[in-house]
Structures are given as C-alpha cells and as structure tokens.
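# Coordinate analysis (summary)
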Amino acid sequence: MVVVLSASAYGDDDRILKLLCPERGRIGAFQRGGQRKPQGLDVGVRAKVRLRRRQGGLDTLAGVDLEDPRIHLRRGYGRLVLAQYGCELVGAFSHEEHPEPKLFGLLETLLLLLDALESDPGPAVLAALELKVLTFAGVGPALDRCSVCAGLVDDEMVFDPAAGGARHARCGGGAEVAKGALAQLEDLRRTPLRELVDRPLAPGLEPMAADLVRHQLGHELGSRALLVGL
Ligand SMILES: [Zn+2]
C-alpha cells in the first residue's frame, strides 16, 4: 500500500512517481507511458502497487489497484493545495528504505479528513500538520520546555526556530514569545486534526510552525507558496 506523494512528467509520456509506503518509506518509481500507463495515480491517491525492483535504479511500476482516489478533495482548491502540501511535507521528512509508519499514518489521516470535508479547513489544521510532521520525524520542536536546559516554560520565554523552538530568555536569544502562544502550539501538536477543522487560530501562530519547518529543511517547499492567502 502506498500514497502518491508526487508525479512528474519524464520525457514525452513517462512519469517519475514519488510514493510513500509504511514499510519501505519513500520510494521513487518509474511509470512508463503509452498504453501500459495505469490511470489515476495522482497526488494523494492511495493504491496498491506492484513494483519491479531494479538494482541501482528506480523501481518500475508493474501494476496498480487504486484503493482511494480521493475524488472529493479535488473539488475544493484549498483542500487540494493542502493535500499537495501535506504530501510534499511528509515526503521531505521521510527516508528511503526506512519504515515510516507514523508519517504514513499522519498523511493518510490528513487525506481522509480533507476528502470528507465539504469546505476548506481553517489554519489550525495547517499549523498542527506541520508540528505533527516535525514530531513524528523525530525533530519535534521544544514548545512546553526549554530547548537548552529542558526546564518548564516560565514567564520569560523566547522563540528561535533555528535553535529548536522555545527557550528561556536566560538560556539564549530569540524573539519574545508569550507563554500562552507556546501552550496553544503545544495543544495543536497534540490535538487530532479532525478536531481542529473549525478552530480559530491567533495570527502569528501558523507562521511560527512554518518557520520551524523551513529551518529544519533549510528551504521552503514549493507547494507552500500555494497556501498563502487561503
Ligand atoms: Zn532554559
């Protein structure tokens, strides 16, 4: 079982697919074009695939059974771009030939939720997704403790995404941050996505989550720009 993370054209009618498998992690696969090309392998789709493994090269796609085509999420632009971003984000933190059951489960939860919604979710889902991906990838930011001394949050905290999140003002530099803002971020990290669909989010919190992702990766993901203004 895999989820399609991305599909890009290669040559005239071949494609390179990026897939996520709970057991194998991220997989690059070559999909031949022409009449043999299985249809419907779009971003976010869950499928059973048969892969022909090749030493030292990309696997070749040999067969596909679509399991969940996620038809509904393609009816809303906001849901579609959030699904694309979720796939790119989870893919960026997944490893090849390394089991990724937690990241797979999170992505599947997001895609099922987006496919079930009638309208686009609020920004709390996006911020929570980013915090959960970081956490499941093992690079979870410090939000309820100081990243330097591991002591509990107090009244004088600063935030530095390049240094792993929050820390005491006495333990290092960063932008001043309210205790309440850190508590809200920690709550987002721990709350299931489906409970956050309609939850309002104070301005400034989502950019903090986005900064943590950007600093961890060292760059901005391409599909994130599409989310701006939603
Ligand atoms: Zn400290």
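Basis of the calculations
Residues numbered from 1 in each chain as written. Predicted model: local features only at pLDDT ≥ 70, side-chain atom pairs only at ≥ 80, totals over all residues. Helix = DSSP H or I, 4+ residues; strand = E, 2+ residues; numbered from the N terminus. Rg over C-alpha atoms; globule rule 2.2 N^0.38 Å. Buried ≥ 20, exposed ≤ 12 C-beta atoms within 10 Å, placed from the backbone. Contact = placed C-beta atoms within 7 Å. Axes fitted to C-alpha atoms, helices over the stretch in contact; angles between N-to-C directions. Parallel < 35°, antiparallel > 145°, perpendicular 65-115°, else oblique. Left-handed = near helix turned anticlockwise from the far one by under 90°. Pairing = 2+ DSSP bridges.

## Details of the overall build of the chain
From N to C terminus, the chain includes five helices and eight strands. For the chain, the sequential pattern of α-helices and β-strands runs β-β-β-β-β-α-α-α-β-β-β-α-α. In terms of overall dimensions, the chain is globule-like: its C-alpha atoms have a radius of gyration of 19 Å, near the 17 Å expected for 230 residues. Taken along the three principal axes of its C-alpha coordinates, the chain extends 65 × 40 × 25 Å. By residue count, 33% of the 230 residues in the chain fall in the buried class. Pairs at least 24 residues apart make up 59% of the contacts formed inside the chain by residues separated by at least 6 positions.

## Some thoughts on the packing of helix H1 (residues 77-93) against helix H3 (residues 123-136)
The interhelical angle for the contact between H1 and H3, taken along N-to-C directions, is 15 degrees, at an axis separation of 10 Å. Classified by the interaxial angle, the pair formed by H1 and H3 is roughly parallel. For the crossing formed where H1 meets H3, the hand is right-handed. Contacts between H1 and H3 pair Leu 82, Gly 86, Leu 89, Val 90 and Phe 93 from the former with Leu 126, Leu 129, Glu 130 and Val 133 from the latter.

## What about the pairing of strand E4 (residues 46-52)?
Pairing between strand E1 (residues 2-10) and E4: two bridges, direction antiparallel. Across the sheet, the residue bridging to Val 3 is Arg 46, located in E4. Relative to strand E5 (residues 59-68), E4 runs antiparallel, the two being bridged by seven bridges. Counterpart to Arg 50 in the pairing with E5 is Gly 63.

## Re the sheet that holds strand E2 (residues 14-21)
Here we have five strands rolled up into a closed barrel, ordered E1-E2-E3-E5-E4, and mixed in their pairing. The mean inter-strand angle of the sheet, taken between neighbouring strand axes irrespective of direction, is 40 degrees. Across the sheet, H1 is in contact with E1, E2 and strand E3 (25-31); its angle to E1 comes to roughly 95 degrees.

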